[in-house]
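Listed here are the chains, written in short residue letters.
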Amino acid sequence: MSMRKRIEGLFDRQVADLVARQEFQDLENGRASPQDYDRFVASVVRTHLKSPQLVAFLYALAPPRAADHLRHNLLEELGIEDEAGVAHPSLLEDLARGSGLGARLAEFEALAASDIRKFAGDPLLYGTLRDVGLAALCEVTAFEFMLSRLASRFARALASRRGLSAASLRWFTHHSEVDVRHAEQGLDDLVEYIRAYEFSEEDAWTIVDMTLRENVFVKRYFGEMSVRL
Amino acid sequence: MRIVSATAHALRIPFVEAFAHSARERSCSDSVVVRVVDDAGVEGWGEGAPRPYVTGETVDFMLRHLAESLCPRLLAVDLPPLCVPADLPAIDALIPDTPTPGVLSAGASRAALEIAVIDCALQRADRSLAALLPPVRKKVVYSGVITAGSRDKVAEHARRMKLIGLHQIKIKVGVGDDVERVRAVRDVLPNASLRVDANGAWTPDEALRTIEELAPLGIDAIEQPLPRGDIAPLGALRRQSPVPLMVDESLVTMADAEELIAARACDFFNVRISKCGGLARCRAIARRALEAGIQVQIGSQVGETAILSAAGRHLAASIDPLAFTEGSYGTLLLSEDIAAETVRFGHRGEAPLLGGAGLGIHVLEERVRRYATNTVTVPAV
């Protein structure tokens with residue numbers, strides 16, 4: 001099986017695992033409490049608020065054939081890919097405000113900043129930036145993949161069950177099904193990164209597998225790295 | 001200084017993935033964390049990881065023993081100052097040894113309380129544990145441990161360790177197909193120092209046969225080949241074994257240490273804080289081993305939190321010479337740790353010394369409470 005297929009299979013399993021989680025189902029069927037919806041929104045904000053910085057880090061490591069797409073992603077995150085662009089952190093702030101969590105934005109900002117501090121300050125597991133970059137690119141691509149499949153379902157749930165406006169849900173609609181092409185490109189970039197940096201298939205897979213041995217979506221949206229309100 | 005209250009929490013933190021050896025498979029931590037508060041309102045944290053198959057202690061026993069026997073004794077006395085290494089045994093001496101049927105030693109209970117009191121006293125004095133355990137090295141290098149599992153699983157773990165740069169690896173054996181499983185690791189890590197740990201799974205005949213088969217793979221130590229018990233077979237095995245032997249379950253108390261030394265039954269001691277009853281006892285056992293020409297490994301319990309990891313870091317930094325160190329897996333194994341700081345090792349298994357007062361970590365009480373399955377409080381006196 002090709003590396004791309006293996007990675008896509010792993011992403012698919014993680015998405016299926018997320019969808020099977022009670023917390024996800026409760027968001028969709030309305031059994032979640034108002035606090036659960038707020039906690040989910042807060043966790044999404046915390047998880048993605050610093051995405052531009054992470055994408056910038058990945059752009060710095062991008063091999064030539066993946067650089068264009070990663071630069072586009074970075075410009076899009078910053079809201080300067082075209083005249084109508086809006087910075088994604090602003091969309092996340094709109095999401096928090098639309099959920100009545102505007103007063104807690106500073107708290108979410110501090111949590112997201114502390115995540116970056118840990119990412120940068122914790123002892124590195126791998127010995128090269130090449131390896132660290134693969135792990136980071138893998139996680140970012142996994143989220144892009146998941147959001148391309150589930151963002152519209154999250155948006156529908158928050159609109160119908162929590163009454164959030166379309167304006168406050170723009171971050172989700174931006175990442176919804178129309179982004180499938182982006183996710184496909186992300187997988188291509190990942191494979192190109194592995195090729196360009198001359199990873200052996202075994203080493204590349206080991207890093208991908210270690211990065212995703214926990215379900216990162218569950219961990220960040222509902223689990224240990226979610227926001228406790 | 002007096003301790004005025006103590007709280008013991010039984011903790012179960014899920015693992016990122018299950019960990020197995022010949023005696024047990026676990027998918028979450030099993031430890032007791034102790035919080036003490038002194039008369040100035042300063043807190044200290046300690047931890048013990050009871051292992052029924054090693055010392056006879058269980059989590060329930062620990063909670064009861066701490067609440068009924070150990071903590072009340074500590075709450076009633078003025079604690080001595082802790083300034084220099086010679087002060088370390090003073091706290092240990094205040095914790096009573098109370099023989100209990102079915103319990104070989106209450107090491108985990110003692111360790112949890114001793115570490116908490118030491119952390120508290122040092123926090124109050126704004127002094128690091130390094131004052132009592134002066135470091136002799138600038139970093140601690142940890143071994144990786146490979147869980148018992150299929151040949152493919154073991155090889156997968158070995159590949160992870162190769163990428164993490166670990167160069168000292170212990171493989172859990174005693175589960176069948178041991179030689180092939182160790183060979184799979186050797187194939188991935190041709191230059192690493194390999195040890196194996198049977199957790200007492202073999203008979204003397206099985207042990208000798210398997211060790212002879214493993215020896216050509218380049219093994220630096222065989223840990224606990226036989227079950228704890230009569231030392232004579234262990235001594236006989238050592239005389240025939242082509243690979244040095246390490247004791248773990250056979251070494252719980254200082255009396256065990258003396259018996260093993262007298263019988264010349266091993267080449268290494270695996271000294272673990274929770275098993276051996278705390279920092280002072282571990283230091284004493286390690287010192288005795290080195291005097292007797294036995295090498296020392298500072299080991300750990302699977303699923304230790306940042307508290308035992310930090311205590312182990314300080315202890316390992318202070319022992320010279322030190323053959324191997326285990327532990328500090330942190331969030332490589334736990335889905336979440338309970339301290340603000342990351343205590344886990346990094347690339348090549350290297351971890352820096354810990355600064356700051358006490359253990360050098362800030363335990364997050366909210367997280368402790370979140371993972372607590374049972375809590376007992378010894379009220380203020």
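Residues numbered from 1 in each chain as written. Chains lettered and ligands numbered in written order. Predicted model: local features only at pLDDT ≥ 70, side-chain atom pairs only at ≥ 80, totals over all residues.

J.: I keep staring at the overall build of chain B and nothing clicks. Help me out?
T.: Assigned secondary structure in chain B consists of 12 helices and 16 strands. Here the C-alpha atoms of chain B give a radius of gyration of 20 Å, agreeing with the 21 Å that 2.2 N^0.38 yields for 381 residues. Along the three orthogonal principal directions, the C-alpha set of chain B runs to about 60 × 40 × 35 Å. Every one of the 381 residues in chain B was classed for burial, and the buried ones make up 55%. Within chain B, contacts between residues at least 6 apart in sequence are counted, and of these 74% link residues at least 24 apart. (Helix = DSSP H or I, 4+ residues; strand = E, 2+ residues; numbered from the N terminus. Rg over C-alpha atoms; globule rule 2.2 N^0.38 Å. Buried ≥ 20, exposed ≤ 12 C-beta atoms within 10 Å, placed from the backbone. Contact = placed C-beta atoms within 7 Å.)

J.: What exactly am I supposed to notice about the interface of chain B and chain A here?
T.: A common way to state how big an interface is: give the accessible area lost once the parts meet. At the interface, 15 residues of chain B touch 16 residues of chain A. Of all the secondary structure elements, the ones that give two or more residues to the side of chain B that touches chain A are strand S2 (14–21) and helix H4 (151–164) of chain B. Within the side of chain B that touches chain A, the residues separate by chemical class into five nonpolar, five polar and five charged. (Nonpolar A, V, L, I, M, F, W, Y, C, P; charged D, E, K, R; others polar.)

J.: Would you explain the packing of helix H5 (residues 64–78) of chain A against helix H10 (residues 180–196) of chain A in this entry?
T.: Helix packing for two helices is described by the angle between their axes and how far apart those axes are. Residue and element names in this part refer to chain A. The N-to-C vectors of H5 and H10 enclose an angle of 145 degrees; their axes lie 9 Å apart at closest approach. Viewed along their axes, H5 and H10 form a crossing whose handedness is left-handed. Note on element contacts: H10 touches H5 through Gln-185, Asp-189, Glu-192, Tyr-193 and Ala-196, opposite Arg-65, Ala-66, His-69 and Leu-70. The class makeup of the residues in the contact of H5 with H10 is four nonpolar, two polar and three charged. (Axes fitted to C-alpha atoms, helices over the stretch in contact; angles between N-to-C directions. Left-handed = near helix turned anticlockwise from the far one by under 90°.)

J.: It is not clear to me how the packing of helix H11 (residues 201–211) of chain A against H4(B) should be interpreted in this structure. Could you clarify?
T.: Direction vectors running N to C along H11(A) and H4(B) enclose 95 degrees, while the axes themselves pass 10 Å from each other. Taken as axis vectors, H11(A) and H4(B) run roughly perpendicular relative to one another. For the pair H11(A) and H4(B), contact is made by A:Glu202, A:Asp203, A:Thr206, A:Ile207 and A:Met210 and by B:Arg159, B:Arg160 and B:Leu163, respectively. When its residues are assigned to classes, the contact of H11(A) with H4(B) shows three nonpolar, one polar and four charged. (Parallel < 35°, antiparallel > 145°, perpendicular 65-115°, else oblique.)

J.: Sorry if this is basic, but what is going on with the sheet that holds strand S10 (residues 219–223) of chain B here?
T.: Strand pairing within a sheet occurs via backbone hydrogen bonds; the two strands may be parallel or antiparallel. Residue and element names in this part refer to chain B. The eight strands lie next to each other as S7-S8-S9-S10-S11-S12-S13-S14, forming an open sheet whose pairing is parallel. Among the strands making up the open sheet, the edge pair consists of strand S7 (144–146) and strand S14 (324–325). Here strand S11 (residues 245–247) pairs with strand S12 (residues 268–272) via two bridges, running parallel. Across the sheet, Met-246 pairs through a bridge with Phe-268, a residue of S12. (Pairing = 2+ DSSP bridges.)

J.: Can you walk me through the confidence of the model for chain A in this structure?
T.: Low pLDDT marks stretches whose predicted atomic positions should not be read closely. Looking at chain A, pLDDT values average 94 and 99% of them are 70 or higher. Least confident of the elements in chain A is H5(A), whose mean pLDDT is 88; most confident is helix H2 (residues 22–29) of chain A, at 98. (pLDDT = per-residue confidence, 0-100.)

J.: It is not clear to me how the environment of B:Leu226 should be interpreted in this structure. Could you clarify?
T.: Inspection of the secondary structure puts B:Leu226 in the loop between S10 and helix H7 (232–240). With residues near it in sequence (within four places) discarded, B:Leu226 still touches B:Gly200, B:Trp202, B:Pro204, B:Ala207, B:Pro233, B:Leu234 and B:Leu237.

J.: Teacher, can you tell me more about helix H8 (residues 254–262) of chain B here?
T.: Within an α-helix, residues lying three or four positions from one another point in the same direction, as the helix has 3.6 residues per turn. Residues and elements named next belong to chain B. Along H8, the positions that sit buried rather than exposed are Asp-256, Ala-257 and Leu-260. Each buried residue of H8 lies within a common arc of 100 degrees when the element is viewed along its axis, so the set occupies one face. Turned more than 90 degrees away from the buried face of H8, the exposed residues are Ala-255 and Ala-262. On the buried face of H8, the contacting elements are S11, S12 and helix H10 (279–291). (Arc of directions from axis to C-beta.)

J.: For this particular structure, what's the right way to read the domain arrangement of chain B?
T.: Residue and element names in this part refer to chain B. Considered domain by domain, chain B is made up of domain 1 (3–130 + 361–378) and domain 2 (133–352). Distance between the C-alpha centres of domain 1 and domain 2: 23 Å. Taken together, the contact between domain 1 and domain 2 spans 44 residues of the former and 46 residues of the latter. Secondary structure elements with two or more residues in the side of domain 1 that touches domain 2: S2, strand S4 (31–38), strand S5 (43–48), helix H2 (88–94), helix H3 (107–124) and helix H12 (365–371). If one sorts the elements of the side of domain 1 that touches domain 2 by residue count, H3 sits on top with seven residues. (Domains from an automatic or database assignment.)

J.: Just checking my understanding: could you explain unusual backbone geometry for this structure?
T.: Of the consecutive residues B:Asp320 and B:Pro321, the connecting peptide bond is found in the cis state with omega at 0 degrees. Take B:Pro321: it is sitting in the loop between helix H11 (306–318) and S14. One non-glycine residue, A:Glu198, lies in positive phi territory at about 55 degrees. Residue placement: A:Glu198 occurs in the loop between H10 and H11.

J.: Just checking my understanding: could you explain the environment of A:Asp36 for this structure?
T.: On the secondary structure map, A:Asp36 appears in helix H3 (residues 34–48). The class for A:Asp36 is partly exposed, based on 17 C-beta atoms found within 10 Å.

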